[in-house]
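Survey of secondary and tertiary structure
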Amino acid sequence: MKKKVVVIGGGHGQSTILRGLKEIEDIDITAIVTVADDGGSTGRIRNLYQIPAMGDVRNVMIAMAKSESFMKDLMDYRFEGSNDEDVVGHNLGNLMLTALTQISGSFMEAILTISKVLNVSGRIIPSSLEVITLYAQMDDDTIVKGEANIPSFNHHIKKVFYEREVKATKEAVEAILNADLIIYGIGSVYTSILPNVIISGIKDALCSTKAKRVYFANCMTQNNETFDFDLLDHVNAIEEHGAPIDLVVKHSEVIPFYIKNRYLKQNSIEVMDKGDLKQPVIECELLSFDRDLVRHDPKKIKRITEEILKELD
């Protein structure tokens, strides 16, 4: 029987994990994706048409497509120009999702239609079908409105929240409750993972599920969001917002000094493990240093995920 794997997040981190997982045979993949993004093309469309943010959904679609294709390239095409009028700055994929949502009257139907065209490996489920705005409370009690604005404040984040009750999609809740393995991350903790987790229906399902809940840890901190966080800080941030973690997976590679120095100039440092987690930790090769960048490698993610799945038998 196929193992059911749910990946919760958004942004490029979630897409990286999914690029690895889609190559694993005999698994059933579900991506639960945040719709709290309010910047760029996504934000403009969201405000104009009052539909959920689709930028992260589009990225996940491209990552989960079974093969490279002309259609895949079209989905990621961005119209260039010197202003934000008309189609300038928009991704074609965002416009296609908008058009299909208006034609069908359903954001879920639009996702399903394009997923079929792209031959997507698995299901893509937005965490909510509502138009939602993410808020953050900083350590000085400043309240910041909007996902795009949160990383621009040079303060520690106490918590992220929604101003009103947000309803989870029933498909997301069912996927979590029926999962064998749940993966959080990688990517922005406060603006990619937690916007899903803090939705009460999803939070309750994560606490009730019998699935193994695994956090693939970030390798580098994020400027103005998690700059001085160690591994325990990342794990605590997720658990304090209501998402239990059973296992942590972290990189074992030694990051070259010259690369770390380059990241330091961008206020980003390596996430260190001080050995104080209560959860078991798997330390393994996860990274690529192509073009002097620190990135997770989908093939290495595939390899360790296969090992974790074998342990579930």
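Notes on the structure in this doc start here. (Residues numbered from 1 in each chain as written. Predicted model: local features only at pLDDT ≥ 70, side-chain atom pairs only at ≥ 80, totals over all residues. Heavy atoms only, no water.)

1. Topic: the nonpolar core
Core analysis: the largest hydrophobic core is formed by 95 residues, its most contacted members being Leu21, Tyr215 and Phe216. Every residue in contact with Leu21, bar those within four places of it in the chain, is listed here: Val5, Val7, Ile27, Ile29, Ile183, Ile301 and Thr305. (Core = buried A, V, L, I, M, F, W, Y, C linked by side-chain atoms within 4.5 Å. Buried < 20%, exposed > 50% of the residue type's maximum accessible area, 1.4 Å probe, protein only. Contact = heavy atoms within 4.5 Å.)

2. Considerations on the pattern of salt bridges
Any two side chains of opposite charge can pair, so long as their charged atoms come close to each other. Overall, the coordinates contain ten salt bridges when judged by the stated rule. Between Lys170 and Glu171 there is a salt bridge, and its shortest N-O distance comes to 3.2 Å. The exposure class of Lys170 is exposed, given its relative accessible area of 55%. (Salt bridge = Lys/Arg side-chain N within 4 Å of Asp/Glu carboxyl O.)

3. Focus on the environment of Ala136
Its location among the elements puts Ala136 in strand E4 (residues 134–138). As a C-alpha pair, Ala136 and Ile150 span 14 residues in sequence and 6.7 Å in three-dimensional space. In this structure Ala136 touches Thr142, Ile143, Val144, Ile150, Ile157, Lys159, Val160 and Phe161, once residues within four positions along its chain are discounted. (Helix = DSSP H or I, 4+ residues; strand = E, 2+ residues; numbered from the N terminus.)

4. Description of the sheet that holds strand E10 (residues 281–284)
Pairing within the open sheet is parallel, and its seven strands lie in the order E3-E2-E1-E7-E8-E9-E10. Taken across any chain shown, the strands that pair with only one partner, and hence form the sheet edges, are strand E3 (123–126) and E10. Neighbour to neighbour, the strand axes of the sheet diverge by 20 degrees on average, direction disregarded. With three bridges connecting them, strand E8 (residues 212–216) and strand E9 (residues 247–251) associate as parallel partners. Following the sheet pairing, Tyr215 is matched in E9 by Val248. (Pairing = 2+ DSSP bridges. Axes fitted to C-alpha atoms, helices over the stretch in contact; angles between N-to-C directions.)

5. Side note on the sheet that holds strand E6 (residues 157–162)
Overall, antiparallel pairing links the three strands, which are arranged E5-E4-E6 in an open sheet. Among the strands making up the open sheet, the edge pair consists of strand E5 (143–145) and E6. Direction aside, the axes of adjacent strands within the sheet are offset by 25 degrees on average. The pairing of E4 with E5 spans three bridges and is classified as antiparallel. What sits directly across from Ala136, in E5, is Val144.

6. With respect to the pairing of strand E2 (residues 27–33)
The element E2 is largely enclosed, with a buried count of six among its seven residues. Of the strand pairs in this sheet, strand E1 (residues 3–9) and E2 are connected by seven bridges, and their pairing is parallel. If you follow Val5 over to E2, its bridge partner there is Ile29. Where E2 meets E3, four bridges bridge the pair, whose relative direction is parallel. From the neighbouring strand, Ala31 faces E3, where its bridge partner is Ile124.

7. Quick notes on the side chain of Asn218
Checked against the element boundaries, Asn218 lands in the loop between E8 and helix H10 (231–240). On the basis of relative accessibility, which here comes to 11%, the residue Asn218 falls in the buried class. Polar side-chain contacts of Asn218 include one of 2.8 Å to the backbone oxygen of Gly187. Other than its neighbours up to four places away in sequence, Asn218 contacts Ile186, Gly187, Val189, His234, Val271 and His296. (Polar contact = N/O pair within 3.5 Å; in protein donor to acceptor, adjacent residues only side chain to side chain.)

8. Examining the packing of helix H5 (residues 92–104) against helix H6 (residues 107–118)
Viewed as axis vectors pointing N to C, H5 and H6 meet at an angle of 125 degrees, and their least axial separation amounts to 8 Å. The angle between H5 and H6 falls in the class oblique. Seen along the crossing, H5 lies across H6 with a hand that is right-handed. For the pair H5 and H6, the contacting residues are Met96, Leu97, Leu100, Thr101 and Ser104 in the first and Phe107, Glu109, Ala110, Ile111, Thr113 and Ile114 in the second. Class assignment for the residues of the contact of H5 with H6 results in seven nonpolar, three polar and one charged. (Parallel < 35°, antiparallel > 145°, perpendicular 65-115°, else oblique. Left-handed = near helix turned anticlockwise from the far one by under 90°. Nonpolar A, V, L, I, M, F, W, Y, C, P; charged D, E, K, R; others polar.)

9. A few points about helix H12 (residues 298–311)
For H12, which comprises 14 residues, the first-to-last C-alpha distance of 20 Å matches the rise-based estimate of 20 Å (1.5 Å per residue) to within 8%. Within H12, the full set of buried residues consists of Lys300, Ile301, Ile304, Thr305, Ile308 and Leu309. (Expected span 1.5 Å × (residues − 1).)

10. Observations regarding helix H2 (residues 40–49)
Regarding H2, the residues found buried are Ser41, Thr42, Gly43, Ile45 and Arg46. Against the buried residues of H2 lie helix H3 (55–64) and H5. Gln50 lies just past H2 and shows a positive phi near 55 degrees.

11. Section: the packing of aromatic side chains
Scanning the entire structure with this criterion turns up three aromatic pairs. Arranged with centres 5.2 Å apart and planes meeting at 85 degrees, the rings of Tyr77 and Phe79 form a pair that is edge-to-face. Take Phe79: its relative accessible area is 24%, and that puts it in the partly exposed class. With centroids separated by 5.6 Å and ring planes inclined at 20 degrees, the aromatic side chains of Tyr135 and Phe161 adopt a geometry described as stacked. Placement of Tyr135 in strand E4 and of Phe161 in strand E6 is noted, with a sequence separation of 26 residues between them. Residue Tyr135 is classed as buried on the basis of its relative accessible area, which comes to 10%. Assessed through its relative accessible area of 22%, Phe161 is described here as partly exposed. Over the ring of Phe161 we find Lys159, and its NZ or CZ is 5.5 Å from the ring centre. (Phe/Tyr/Trp six-rings, centres within 6.5 Å; stacked < 30°, edge-to-face > 60°. Lys NZ or Arg CZ within 6 Å of the ring centre and 35° of its normal.)

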